[in-house]
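The chain contents come next:
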Amino acid sequence: MSLNAMKKSNSLDKLLGAAVQENKPQEKKSYVDERIWKPVMDKTGNGFAIIRFLPAPKGEELPWVKLWNHAFQGPTGQWYIENSLTTINQNDPVSELNSKFWNSGVESDKEIARRQKRKLQYYSNIYVVKDSANPENEGKVFLYRYGKKIFDKVMETMQPAFEDETPVNPFDFWEGANFKLKLRKVDGYWNYDKSEFEKPSALLNGDDAELEALWEKQYSLSEWTAPTNFKSYDELKTRLNTVLSGTTKVGNVTDMQTGSAFDDSPSTATVVDTKEEPAPTVSVSNTEDDDDTMSYFEKLAEEG
């Protein structure tokens, strides 16, 4: 830049404008994924929508993907909200620590393991048939995150328990079935027990051109289990140590570690999945389905 050009551009208004922009409050990062559809409760505490589970996206084999994660608050008051490496069959520091708690033989340790246990989430593509709370969603493709309760209903319609019931592939464009999602609050928690599949019917009247266009709009599911969706073991271990403040007590022994919440040596303890154990009385985890739990954790992440 020549001196003459600099002279013309060296405006006080320009400098003041730049200073104002720099001093503006930074926009808080949003953790909301706009691709994900969520049911909404009305003022009476009920929610209703009709959705259609869609087949596997192009180039993928399954119409769902499952993801394990951990979400709990440590004694520091900080939250540990991370995807678990066990999803992709790798060692995870929380699972290793929970195994030590579980195998200590002390009931209070088992309570900690339960509180820190993995939570299971499923993701599928859906087509929103009816959404009275947000009618602008109707006729669109979204990702839907759901828990084991709804996945069990999916499996029940594919593998019915009684011989007079016909198996249905709810993910099929032509012979699948709409899903009436009925949401209630039972004892203060979201409950999906009354949700059910309708009789089989073709989506969009079975019009192949429309269905192919719909198929093109589906989102990849494989990204949820891609390595880039997970932090490394060391990163997770560092975060866990921060949340636990470097101090853990297993049984009658308290380990004070530097940069580690647990012994670095290979554990010979059996890894125990505690998902069948009764959950402790913790309001944010004692839910009928993990969808509202994860919404709660997302809100915490936004506020943090």
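Note that this is a predicted model, so its numbers are computed, not measured. (Residues numbered from 1 in each chain as written. Predicted model: local features only at pLDDT ≥ 70, side-chain atom pairs only at ≥ 80, totals over all residues. Heavy atoms only, no water.)

Visitor: Honestly, the packing of aromatic side chains in this entry has me stumped. Any pointers?
Guide: Both the distance between ring centres and the angle between the ring planes are used here to describe each pair of aromatic rings. Within this structure, the stated rule accounts for 15 aromatic pairs. Their ring planes at 75° and their centres at 5.2 Å tell us that Trp-64 and Phe-151 sit as a pair that is edge-to-face. Of this pair, Trp-64 sits in the loop between β2 (46-53) and β3 (65-73) while Phe-151 sits in helix α5 (residues 148-158), and the two are 87 residues apart along the sequence. Taking relative accessible area as the criterion, Phe-151 reaches 10% and is therefore assigned buried. Pairing Tyr-122 with Phe-151 gives two aromatic rings, centres 4.0 Å apart and planes at 5°, and the pair type is stacked. Separated by 29 residues along the polypeptide, Tyr-122 in strand β5 (residues 119-130) and Phe-151 in helix α5 bring together distant segments of the chain. Each member of the pair, Tyr-122 as well as Phe-151, carries the same accessibility label: buried. Three or more aromatic residues joined by ring pairs make a cluster, and in this case those are Trp-37, Phe-53, Trp-64, Tyr-122, Tyr-144, Tyr-146, Phe-151, Phe-171, Phe-179 and Phe-197. Its end group placed over the ring of Tyr-219, Arg-35 keeps NZ or CZ at 5.7 Å from the ring centre. In this structure, Arg-118 packs its charged tip against the face of Trp-68, placed 3.7 Å from the ring centre. (Phe/Tyr/Trp six-rings, centres within 6.5 Å; stacked < 30°, edge-to-face > 60°. Helix = DSSP H or I, 4+ residues; strand = E, 2+ residues; numbered from the N terminus. Buried < 20%, exposed > 50% of the residue type's maximum accessible area, 1.4 Å probe, protein only. Lys NZ or Arg CZ within 6 Å of the ring centre and 35° of its normal.)

Visitor: Help me out: how do you make sense of the environment of Phe-230 in this one?
Guide: Inspection of the secondary structure puts Phe-230 in the loop between α6 (208-216) and α7 (233-244). Note on Phe-230: relative accessible area 10%, which makes it buried. Phe-230 sits 146 residues away from Ser-84 along the chain, and the two C-alpha atoms are 7.5 Å apart. Residues within four places of Phe-230 in sequence aside, it is in contact with Leu-67, Asn-83, Ser-84, Leu-85, Thr-87, Ile-88, Trp-224 and Thr-225. (Contact = heavy atoms within 4.5 Å.)

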